[in-house]
Amino acid sequence: MNSFWQKIIIRTILKKPKKKSTNSTNYSNYALAKGYREFIILAKRYVKDFFLITLGIFSASFGFKGFLLTNHFIDGGATGISLLVSALTDIPLYFLIIGVNIPFIILGYRIMGQAFAIKTALAITGLSVCLATVSFPDVTTDNLLVAVFGGFFLGAGIGLSVRGGAVIDGTEVLAIYLSRKFGTTIGDIIVVINVVIFGAAAYFLGIEVALYSMITYLAASKTLDFIVEGIDEYIGVTIISSRSEKMREMIIDKMGRGVTVYSGKGGYGKRGQTKEVDIIYTVITRLELNKLNTEIEKIEPTAFVVMNSIKDTKGGMIKKRPLKH
């Protein structure tokens with residue numbers, strides 16, 4: 001490894017805050033090679049996240065300007081609030097997208113962490129800039145097509161951003177916060193928020209626009225679920241790894257999550273190997289899935305991981321401890 005890469009690895013992966021020296025002789029070849037591997041994993045993840053978020057921004061912008069704005073249809077959540085205010089006032093949508101989401105970004109910083117808040121702020125700013133500078137054609141004026149395809153592209157944009165580890169609609173962050181505070185499910189909170197939004201749309205824009213807007217919301221919601229591969233609010237993760245202790249420490253220290261350890265035996269092979277192994281089980285939110293996959297890959301890329309959807313949880317640590325991202 002040449003000196004240039006050594007300096008990058010030391011200053012990014014192997015840096016020690018309490019030491020000012022960054023002399024590469026302080027690290028063994030093994031440590032440098034391990035740091036280089038982690039650097040490559042993180043670099044690939046950041047490039048993938050950037051691509052997904054950028055694609056999500058353009059998809060959502062196309063849904064806004066190519067469909068919804070023409071007929072003043074709205075969606076649920078923060079985007080719905082922005083569209084509703086834009087339809088009732090002369091304030092441009094690209095200003096409202098940022099203004100409405102600022103409280104959600106601050107809340108995301110409190111419950112999700114700095115990294116998540118920064119990525120979300122950049123994603124929302126990128127969406128606003130795209131809406132202000134990029135021109136999209138009005139695809140159709142048919143109300144049903146506008147509602148369905150406007151919701152499709154908007155939902156795809158939100159889903160791609162979630163896959164990239166950020167959100168361009170902060171309602172879900174608010175729902176997570178309120179569900180912990182009042183002990184309700186995230187889905188219930190989102191339903192209540194959207195009932196208020198569509199009720200306001202019916203009052204200010206008319207019943208017909210509100211009904212079409214509900215179609216828009218349903219199309220966006222189903223598309224979002226499809227983009228994130230059916231991931232629900234919580235994900236149960238089972239990890240079988242030869243480095244189970246490292247996995248346990250990572251989930252506790254880096255993810256801030258509780259862990260259950262099962263004692264099991266391997267049963268693969270023609271004769272059935274009976275080597276004892278610790279099985280790790282934890283529950284995370286779908287917004288943390290991106291980070292967990294990265295951390296698992298750092299420790300053991302070949303680890304056997306099983307994920308299953310969970311509607312909701314009760315007790316334990318997942319609703320009590322702040323999310324780390």
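Calculation notes
- Residues numbered from 1 in each chain as written.
- Predicted model: local features only at pLDDT ≥ 70, side-chain atom pairs only at ≥ 80, totals over all residues.
- Heavy atoms only, no water.
- Helix = DSSP H or I, 4+ residues; strand = E, 2+ residues; numbered from the N terminus.
- Buried < 20%, exposed > 50% of the residue type's maximum accessible area, 1.4 Å probe, protein only.
- Contact = heavy atoms within 4.5 Å.
- Areas by Shrake-Rupley, 256 points an atom, 1.4 Å probe, with all protein chains shown as cover.
- Salt bridge = Lys/Arg side-chain N within 4 Å of Asp/Glu carboxyl O.
- Phe/Tyr/Trp six-rings, centres within 6.5 Å; stacked < 30°, edge-to-face > 60°.
- Pairing = 2+ DSSP bridges.
- Axes fitted to C-alpha atoms, helices over the stretch in contact; angles between N-to-C directions.

How should I be thinking about the overall build of the protein in this particular structure?
For the protein, the count of helices and strands is eleven helices and four strands. Looking at the protein as a whole, 46% of its 325 residues qualify as buried. A separation threshold of at least 6 residues defines the contact pool for the protein, and within that pool the share at least 24 residues apart is 77%. Looking at the protein as shown, the accessible area adds up to about 17,100 Å², and 62% of this sits on carbon and sulfur atoms.

Mind showing me how you'd approach the pattern of salt bridges here?
Where side chains of opposite charge bring their charged atoms close, a pairing between them can arise. Here the structure, examined in full by the defined rule, presents five salt bridges. Between Arg248 and Glu245 there is a salt bridge whose closest N-O contact spans 2.5 Å. With a gap of three residues between them, Arg248 and Glu245 both fall in helix 10 (residues 244-253), about one helical turn apart. Judged by its relative accessible area of 41%, Glu245 falls in the partly exposed class.

For this particular structure, what's the right way to read the packing of aromatic side chains?
How two aromatic rings sit relative to each other is given by the distance of their centres and the angle of their planes. A full pass over the atoms with the stated rule returns nine aromatic pairs. For the ring pair Phe62 and Phe67, a centre distance of 5.5 Å and an interplane angle of 80° mean the geometry is edge-to-face. On the basis of relative accessibility, which here comes to 3%, the residue Phe67 falls in the buried class. Ring geometry for Phe67 versus Phe153: centroids 5.8 Å apart, planes at 15°, classification stacked. Here Phe67 is found in helix 2 (residues 29-71), whereas its partner Phe153 is found in helix 6 (residues 143-163), with 86 residues between them in sequence.

What exactly am I supposed to notice about the sheet that holds strand 2 (residues 260-265) here?
What links the strands of a sheet is backbone hydrogen bonding, and the strands pair in either a parallel or an antiparallel sense. One open sheet accounts for four strands, arranged 2-3-1-4; its pairing is antiparallel. Since the sheet does not close on itself, it has two edges, and those belong to strand 2 and strand 4 (304-310), each with one partner. Between one strand axis and the next, the sheet turns by 25° as a mean value, whatever way the strands run. Alignment of strand 1 (residues 234-240) against strand 4, held across seven bridges, turns out to be antiparallel.

Please explain the pairing of strand 3 (residues 276-285) as it appears in this structure.
Across a regular strand the side chains alternate sides, sitting on one face of the sheet and then on the other. Note that strand 1 and strand 3 share seven bridges and pair antiparallel. Bridging across to strand 3, Gly236 finds its partner in Val283. In this sheet, strand 3 lies alongside strand 2 in antiparallel orientation, the contact comprising six bridges. Following the sheet pairing, Val261 is matched in strand 3 by Ile280.

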